[in-house]
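Reading the structure
These are the residues of each chain, in order.
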Amino acid sequence: MPRNLTHQAKSLLLVVLILLLWWFTPSFVKRWTEVVFQEFQAPAWTALSYMRDLRSYWSERSRSKSELIEVGVGLSRLNAAYAVRNQQVDSMEREIRRLEGYFHLPSFPEYQYEVARVIKRDLTAWWQVLVIRKGLNYGIEEGQAVIFAGGVVGRIKSVGAYTSTVELVSSPHFRAAGHFEGDNRPVEFRGGNNPGLKAATGTVRTVPADLVTSIKEPLRLTSSRLGGVFPDGLTLGWVYNLEPSPDGLFQTGKVMLDPRLQSVREVAVLIPIEPRGDPGR
Amino acid sequence: MSDNGRITLIFLCNLLLYFIVGELNFFLGGLSLHFHADALLILFFGLYLGRMAGLVSATLLGFLADSVSPVPHGTYVIGYLGLWLFLVWGQRRIRRQNPVHLRTLAAATQILWLLLLTLHLRTGMEPNTVYWQRILMEILFSGSLTYALAWPWCRFQKNLLYSLGWNIEAEYSQL
C-alpha cells in the first residue's frame, strides 16, 4: 500500500478487500462457516443453561421441609387426577380406533413428545426465537411442532447436533392454519408485531363473517391439521375483537397469545411417529 | 506475555461479554425486551487496537452473532466490519480519554447499527405503529445501556492491558 495513505484509508481498503472476498466465496463455504460457528458456541450456551439449573436447584434446596411436604401433597393430588384422566383418554382412543376401523378412516398422526429445556431466548422486533437443548441427537427435524402447557410455542427453524432453534408463534414471519374452537372452517394465523413490556400478539385473517366475539366471551383460536405441522386443537391464542376486512367477506382480529410464552423454560417437540407397515397389505 | 497473547485475552473478554449479554437477554425476554450490545463488543477493537487485530476480531464476532441470528447469512459479518470502520473513523475525531466522547460514539454506533438492521430486515414486516414503537424502544434501551457501559468496559480492558504491561493510552498519546 502507498505510504501516504492514512490509517483510516488503509482500514477502508482492507474492509473492501474482505467484502470482495466474501462476495466471491462459494455459498457452501459460507454455509459451512455458519454451521461451524453455531456448533462452536452451542456448548457454551448449554453450559450456561446447566448453570441456571444448578442455581435454581440450590435455591430450591433452601426451602423448608414443611414447604416440600406441602408441595408433595399437592403433586400427589395432581397425579391422582391425571391418572383418572389418562384412563379416560385411553378409553377414548380405543373408541376412536374402533370407529376408524369401522368406517375405514385414515388414522390421526401420532407423535412422540420430546421435552427440552430452553437455553437461549432472543425476542427482538425482527425475530422471536428460542434455542432448546436437544437437536439431531434426539431425532428432531426442521419444521416439527413445538408446544408447552399453554398451547403452541412455534416450529423448529433449524437443527444443530445438540441444539435446535424454534421460531415462536409471536414471530412476525410465523404463519399457520388454524380454526376457532367449535368451528371447523380454517382461518389464517400470523405472528404479529410485538410491543415491548407487554404480552405477545398475533393476527387472524379470513375469519368467516358470521363469527362473533366479545371481551366477556372471547373465541379460542386453535391449531389445525391442515398445515401438516400441528395436531388439531392446540391453543394458539384468544380473540377478543373482530373487525370486517375491506372486502366485507371475512373478518380480521388481534390474537392475544399466552403471556407465559415469553418466559417459557421447558417445551415439548412433537416428533411424528411413522405409522407401522401393515403386514396384511 | 506477547502482544498477540494480550490481544487474545481482550478478545476472550469480549467473547465472555457476548455470552453474558445472551444470558441477560434470556431474562429480559420475559419482559419483551432485548439488549443489542454489538457496539460494546467491537468498541475496544475499533478505538484502541491495531488494524489487523481489530479486523480479525470484528469478523470473528460477526460470524458468531450471524450463526445464531435468523438473518441472511453475512449480515452481521458485513455489519460488524462496517461498525469497526466507523469506530476507526471516529478514533481521530473524539478524545478517547473523555468519557462523554467515548460513550456518545458507542451509543451512536449502536443506534446506527439498529437503524441499518431496520432497513435491511424490513421485508415481510408490517410497519405499523406497534412496530415503530418497538423499534424505538429497542433503540432507546440499547443506546442508553451502551452509553452507560461503554466507558467502564473500555476502562476495564485498558486496565487489564496495563496490568499485563501494555500501557495502551500512553502509547497513543505519544503518536
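Preceding block: the structure.
These figures come from a predicted structure and were not determined experimentally. (Residues numbered from 1 in each chain as written. Chains lettered and ligands numbered in written order. Predicted model: local features only at pLDDT ≥ 70, side-chain atom pairs only at ≥ 80, totals over all residues. Heavy atoms only, no water.)

**Comments concerning the overall build of chain B**
Along its length, chain B carries 7 helices and 0 strands. Element order for chain B, N to C, with α for helix and β for strand: α-α-α-α-α-α-α. In summary, chain B has a C-alpha radius of gyration of 16 Å against a globular reference of 16 Å for 175 residues, a match within 12%. Dimensions of chain B along its principal axes, counting C-alpha atoms only, are 50 × 30 × 30 Å. Taking all 175 residues of chain B together, the buried fraction comes to 57%. In chain B, once contacts between residues fewer than 6 apart in sequence are set aside, the share between residues at least 24 apart is 75%. Accessible surface, chain B: about 7,400 Å² in total, of which carbon and sulfur atoms supply 68%. Here chain B holds 11 positive side-chain charges and 8 negative ones, and the gap between their average locations is 12 Å. (Helix = DSSP H or I, 4+ residues; strand = E, 2+ residues; numbered from the N terminus. Rg over C-alpha atoms; globule rule 2.2 N^0.38 Å. Buried < 20%, exposed > 50% of the residue type's maximum accessible area, 1.4 Å probe, protein only. Contact = heavy atoms within 4.5 Å. Areas by Shrake-Rupley, 256 points an atom, 1.4 Å probe, with all protein chains shown as cover. Lys, Arg positive; Asp, Glu negative; His and termini not counted. Charge placed at Lys NZ, Arg CZ, Asp CG, Glu CD.)

**A closer look at helix α6 (residues 129-163) of chain B**
All names here are of chain B. The end-to-end C-alpha distance of α6 is 50 Å, a good match for the 51 Å that 35 residues give at a rise of 1.5 Å each. Considering bend angle alone, the principal kink of α6 is centred on L149 and spans about 40°; proline P152 follows within four residues of it. Positioned one or two residues after α6, G165 has a phi angle of 90°, which is positive. (Expected span 1.5 Å × (residues − 1). Bend = angle between axes of the 7 residues up to and from the residue.)

**A few points about the sheet that holds strand β2 (residues 128-132) of chain A**
All names here are of chain A. Taken in spatial order, the 6 strands line up as β1-β2-β5-β4-β3-β12 and close into a barrel, and their pairing is antiparallel. For this sheet, the mean angle separating the axes of adjacent strands, direction not counted, is 45°. Summarising the sheet, strand β3 (residues 145-148) and strand β12 (residues 266-273) pair through 3 bridges and their orientation is antiparallel. Considered in β12, the bridge of I147 is made with A268. Running over the sheet, helix α2 (residues 27-61) touches β1 (110-123), β4 (151-159) and β5 (164-168) and is turned about 90° from β1. (Pairing = 2+ DSSP bridges. Axes fitted to C-alpha atoms, helices over the stretch in contact; angles between N-to-C directions.)

**Here's the deal with the side chain of B:S57**
Structurally, B:S57 is set in helix α3 (residues 51-68). A distance of 2.7 Å separates the side chain of B:S57 from the backbone oxygen of B:A53, its partner in a polar contact. (Polar contact = N/O pair within 3.5 Å; in protein donor to acceptor, adjacent residues only side chain to side chain.)

**Considering the pattern of salt bridges**
Counting across every chain of the model gives 21 salt bridges over all chains. With its nearest N and O atoms 2.5 Å apart, the salt bridge here joins A:R97 to A:E110. You can see A:R97 sitting in helix α3 (residues 65-103) and its partner A:E110 sitting in strand β1, a full 13 residues away along the chain. Take A:R97: its relative accessible area is 45%, and that puts it in the partly exposed class. By relative accessible area, A:E110 is classed as partly exposed at 41%. B:E126 is the salt-bridge partner of A:R205, the closest N and O atoms lying 3.0 Å from each other. Remark: B:E126 occurs in the loop between α5 (99-120) and α6 and A:R205 occurs in strand β8 (residues 201-208); the pair is interchain, linking two chains. (Salt bridge = Lys/Arg side-chain N within 4 Å of Asp/Glu carboxyl O.)

**Quick notes on the pairing of β2(A)**
All names here are of chain A. Counting buried positions along β2 yields 5 of 5 residues, so the element is predominantly enclosed. The alternating pattern of β2 places Q128, L130 and I132 on one face and V129 and V131 on the opposite face, and all of these are buried. Strand direction decides the pairing type here: β1 and β2, joined by 5 bridges, are antiparallel. Note that in β2 the partner of V118 across the bridge is I132. Hairpin connection of β1 to β2: 4 residues between the antiparallel strands. Pairing geometry for β2 and β5, over 4 bridges, is antiparallel. Along β5, the bridge assignment pairs L130 with V166.

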